[in-house]
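Read off the chains here:
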Amino acid sequence: MSEELESTRRALEAAVAAASGAAELTRLLADYQERLARAAVSEAEALTRLRETEARLKTAERQVAQLAKNLAEQRYQTEVAQWRLESVQASRWSKLGDAIHTKNPGEVARTLRAPVGKRPAPRRSDFAPTPPAVETAPVAAVTPQTAGPEVSTAMAEGFVVPKGPLTRPYLTVAAIVDRQSEALFRYEWRQVTNFGPDNWQAMLDQHRPHLLFVESVQAGPRQGNGGRWLEELAGRSRGLRDLVEECSRRGIRTIFWHSAGPVSTAVPMASYFDHVLATSEARAREWRAALRHDRVGILPHAVQPRVHNQISAAEGRHGVGLLGTATQAAEVPPEAGWRPLVTPKATYDDLLTAYRSVSMVLAGPDADARTVEEVSACGTPIMQLTAPVDQASLPAALDSVRDYLAAEAECASEAHLAWRSTVPVTPLLDPILHTAGLASVRNSAAVTAIAAVFGAAELDNLLAQLERQAHAPGQLVIVTDGLDTAVVEKAVRDRLSGIQRSGRPFGDPPVTGSPETAHSPGKTDLSETAHSLGKAGLSETANSPGKGGLSGVAGSPGFEDLIVRAAGSPLTRGAALDRALRLADGDLVAVLDPRDLYGEHYLADLSRYFAAVDAEIVGKASFYAHIADTGATLLRQPGAEHRFLPELGGATLLARRPALVELGIADMSEEWDEVLMRQCRTDGVRVYSADRYSYLCRRPSTEGRLLTSAHFEGYVQPHPLALI
């Protein structure tokens, strides 16, 4: 009996699986039929535009013919006037007058007897209308493209070094730094670097800097300021010492950053500065012992989101970049695509492009940790080698690289986690500037989360998503339909009362020993930074003067602002969200869908992109979706990450509030985001599609638009793929 039941159960499972597959095929067929219908409409519109163009062409041809006819008539009339003038000049009576004027009778007689020569009158038929000759430009033949694009055409493509904006535009800093650090600090303040030992006095008079920031610049292709300060930094000339003394006389703060090189060679010059910064706690201890004072803090190697970001190069990613001593006496075949990431003659701007132009980087055991950090911030996967690849290990290395790149999902998730572990330089400068006696005022980018809640189940799921966020928003606005506002407000406060909000600007990385920073390769744990800054007298923050350590940034528990409104009358989800948007106060507005799942780092990750790209709206055009009734997991638009592309899912939007308020949210239940994205494309609003992670769209059944340009991941659990 049990065998029969087991057989029946297996047969039932097979039938259900077959039915699910058939249902999926039916939905796919319906989707493609809808696509064909839309294609037919597009074809009809294109034919209409073609006919309109042909009509305009015929009109233009008639106008050209009429203009040519008018031109021919003008030429004929001009020729007739010329003929008449010549006839009058050649007549006997005209010549007779000239002869009489000579008072010579013989001349008069000869004039009267001379024949009159006159050319025939011009005829109108001799002036046929002829259009003017115009050189026609060659037209290249169009090759038919049978394969449709996976994603829509992006608004902009390719990484370019941006010109701004500045985080602290009020602060002027005279900097003696290398090219790498020049790019690191370029967007943090108004930076002056074009001066040397011969003209620094004129620079001080002209720019009146608030701070002199000097790095231990090493000789080489990346040396800054034209290499004019190398002699002074080595102590062989006193030009830098005179500059520091003059800054002290004028009340200009001075900071020396020991970023590389032996401590002993930098101590003589660093002793003249107000403050000294090291890259780690171990180096800071060396400096305190050498200088015999505690005005030593830590500025670890960090990244600049404006140039170290995940925007790909214009030509895309291909090949493998070699960093450090990745190979040794190994003849790599050319088809493998291995090439040095850093070349001797490349400028740092060229290097920024190289970071994102390779599919992955092989880092040798001696690879520069700072460069590894910057490559990770550009979203490029890195394979760290324990030993260089030689001829004996080359076949195994080629196979490992090939297998690593073939596992696209694992490769992309590792690259994203490496990006998340990088630390932007912006928040690290706040306590340093404050201790130096300089204000550090910048946009806090406060976030308001808005949601439209229809039912108790949606409210419970929304609170669960907010509860898990590493950085909770400062304001929550809920418009509810079917729930009492007092009940909703009480549930929110009871459920989220234990959330600790961060007092630092939203999107800044944690500054205490968290898993995000404690074990990140290539940089110092920021808890060490906080400890050492406190010991060095660099313990006060810009927002908490007089309080020791970076722990002073912790805020009070719970939300600063909670707004709950009842719909009053039945509303669509779009209309409810638009009403919530009008009540928001934050600089950024996050649209949350209470039916979906959001990862722990969703808001923290998404807000970081505003420091990296110049966009009004950031979200996800590519994301994972899970269909409950079939158990299928899809990846929507897999090629749409890290692009300026107005194709975002509405539940993933994080937008600048003024821009989103001006656009508004359409009064629609499910497709309001498509209306919004079309409006963004029409108005030229810059929209950036970020990564695919930390968000999962959940629907009970398949929706047609979820299948658009989607990749079927299988009947698998989506959480390990999406919520990393």
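Residues numbered from 1 in each chain as written. Predicted model: local features only at pLDDT ≥ 70, side-chain atom pairs only at ≥ 80, totals over all residues. Heavy atoms only, no water.

Chemist: How would you explain the overall build of the chain if you had to name every residue and give the values?
Modeler: Check the secondary structure of the chain and you find 23 helices and 25 strands. Relative to its 724 residues, the chain shows a buried fraction of 47%. The contacts in the chain between residues at least 6 apart in sequence include a share of 76% that link residues at least 24 apart. Summed over its atoms, the accessible surface of the chain is roughly 35700 Å², and 54% of this surface lies on carbon and sulfur atoms. (Helix = DSSP H or I, 4+ residues; strand = E, 2+ residues; numbered from the N terminus. Buried < 20%, exposed > 50% of the residue type's maximum accessible area, 1.4 Å probe, protein only. Contact = heavy atoms within 4.5 Å. Areas by Shrake-Rupley, 256 points an atom, 1.4 Å probe, with all protein chains shown as cover.)

Chemist: With reference to specific residues and values, describe the environment of Leu-429.
Modeler: In this structure, Leu-429 sits in helix H14 (residues 426-435). Leu-429 sits 241 residues away from Glu-188 along the chain, and the two C-alpha atoms are 8.7 Å apart. Not counting residues up to four positions away in its chain, the partners in contact with Leu-429 are Arg-168, Phe-185, Glu-188, Trp-189 and Leu-299.

Chemist: How would you sum up the sheet that holds strand S8 (residues 338-340)? Please name residues and give values.
Modeler: For sheets, the rule is that strands pair by backbone hydrogen bonds, running either parallel or antiparallel. Spatially, the 4 strands line up as an open sheet ordered S8-S7-S9-S10, and their pairing is parallel. Among the strands making up the open sheet, the edge pair consists of S8 and strand S10 (382-384). With strand direction ignored, the average angle separating the axes of adjacent strands in the sheet is 30°. Looking at chain direction, strand S7 (residues 320-323) and strand S9 (residues 360-363) are connected through 4 bridges and run parallel. Bridge pairing in S9 links Val-320 to Met-360. Its contacts with the sheet put helix H11 (residues 369-377) on S7, S9 and S10, and the angle it makes with S10 is roughly 150°. (Pairing = 2+ DSSP bridges. Axes fitted to C-alpha atoms, helices over the stretch in contact; angles between N-to-C directions.)

Chemist: Tell me about the nonpolar core, and please be specific about residues and values.
Modeler: Counting 60 residues, the largest nonpolar core has Leu-341, Tyr-355, Ile-478, Val-492, Val-618 and Tyr-688 as the members making the most contacts within it. Ranked by residue count, the leading element in this core is helix H10 (residues 348-355), at 5 residues. Those residues in contact with Val-492 that sit more than four places away from it in its chain are Leu-463, Leu-476, Ile-478, Ser-497 and Leu-562. Among the nonpolar cores identified, the runner-up in size contains 31 residues, and Ala-174, Phe-195, Trp-200 and Cys-247 belong to it. (Core = buried A, V, L, I, M, F, W, Y, C linked by side-chain atoms within 4.5 Å.)

Chemist: With reference to specific residues and values, describe unusual backbone geometry.
Modeler: Glycine aside, a negative phi is what most residues show, and trans is what most peptide bonds show. Of note, Arg-208 is a non-glycine position whose phi angle comes to about 50°, a positive value. Position of Arg-208 relative to the elements: it lies in the loop between helix H5 (200-207) and strand S3 (211-215). Classification of Arg-208 as exposed rests on a relative accessible area of 64%. Of note, Gln-637 is a non-glycine position whose phi angle comes to about 45°, a positive value. Its place among the elements puts Gln-637 in the loop between strand S20 (632-636) and strand S21 (643-644). Overall, the relative accessible area of 5% leaves Gln-637 in the buried class.

Chemist: Account for the pairing of strand S2 (residues 189-192), naming residues and giving values.
Modeler: Within a regular strand, the side chains alternate between the two sheet faces. As paired strands, strand S1 (residues 168-176) and S2 are joined by 4 bridges and run parallel to one another. Pairing of Ala-174 across the sheet is with Val-192, part of S2. Chirality of the crossover, the property in question, places the unit of S1, helix H4 (residues 179-185) and S2 among those that are right-handed. (Right-handed = clockwise from strand over helix to strand, strands pointing away.)

Chemist: Give a detailed account of the sheet that holds strand S18 (residues 617-619), specifying residues and quantitative values.
Modeler: On the basis of which strands lie adjacent, the open sheet formed by 8 strands has the order S15-S12-S11-S16-S22-S18-S23-S21 and mixed pairing. Looking at which strands have only one partner, the edges of the open sheet turn out to be strand S15 (561-566) and S21. Both strand S11 (residues 447-453) and strand S16 (residues 588-592) contribute to a ladder of 5 bridges, which runs parallel. Counted as the bridge partner of Ala-449 is Ala-590 from S16. Across the sheet, helix H15 (residues 456-467) touches S11, strand S12 (475-480) and S16, and the angle it forms with S11 is around 160°. The sheet contacts of helix H19 (residues 573-583) involve S11, S12, S15 and S16, and relative to S11 the element is tilted by about 150°.

Chemist: Tell me what's going on with the side chain of Ser-694, and back it up with residues and numbers.
Modeler: Its place among the elements puts Ser-694 in the loop between strand S23 (687-689) and strand S24 (695-699). At 3.5 Å, the side chain of Ser-694 and the side chain of Arg-420 are in polar contact. Beyond its immediate sequence surroundings of up to four residues, Ser-694 is in contact with Arg-420, Leu-597, Tyr-598, Gly-599, His-601, Tyr-602, Asp-605, Ala-722, Leu-723 and Ile-724. (Polar contact = N/O pair within 3.5 Å; in protein donor to acceptor, adjacent residues only side chain to side chain.)

Chemist: Summarise the side chain of Asp-691; cite the residues concerned and give the values.
Modeler: Note on placement: Asp-691 falls in the loop between S23 and S24. Classification of Asp-691 as buried rests on a relative accessible area of 1%. Within polar-contact distance, the side chain of Asp-691 engages the side chain of Tyr-609 at 2.6 Å. Separated by 2.9 Å, the side chain of Asp-691 and the backbone nitrogen of Tyr-693 make a polar contact.

Chemist: If you had to explain the packing of helix H8 (residues 263-270) against helix H9 (residues 281-291) to someone new, which residues and values would you point to?
Modeler: The geometry of H8 relative to H9 is characterised by a closest axis approach of 11 Å and an angle of 50° between their N-to-C directions. The angle between H8 and H9 falls in the class oblique. For the crossing formed where H8 meets H9, the hand is right-handed. Contacts from Val-263, Ala-266, Val-267 and Ala-270 of H8 reach H9 at Arg-283, Glu-286, Trp-287, Ala-290 and Leu-291. (Parallel < 35°, antiparallel > 145°, perpendicular 65-115°, else oblique. Left-handed = near helix turned anticlockwise from the far one by under 90°.)

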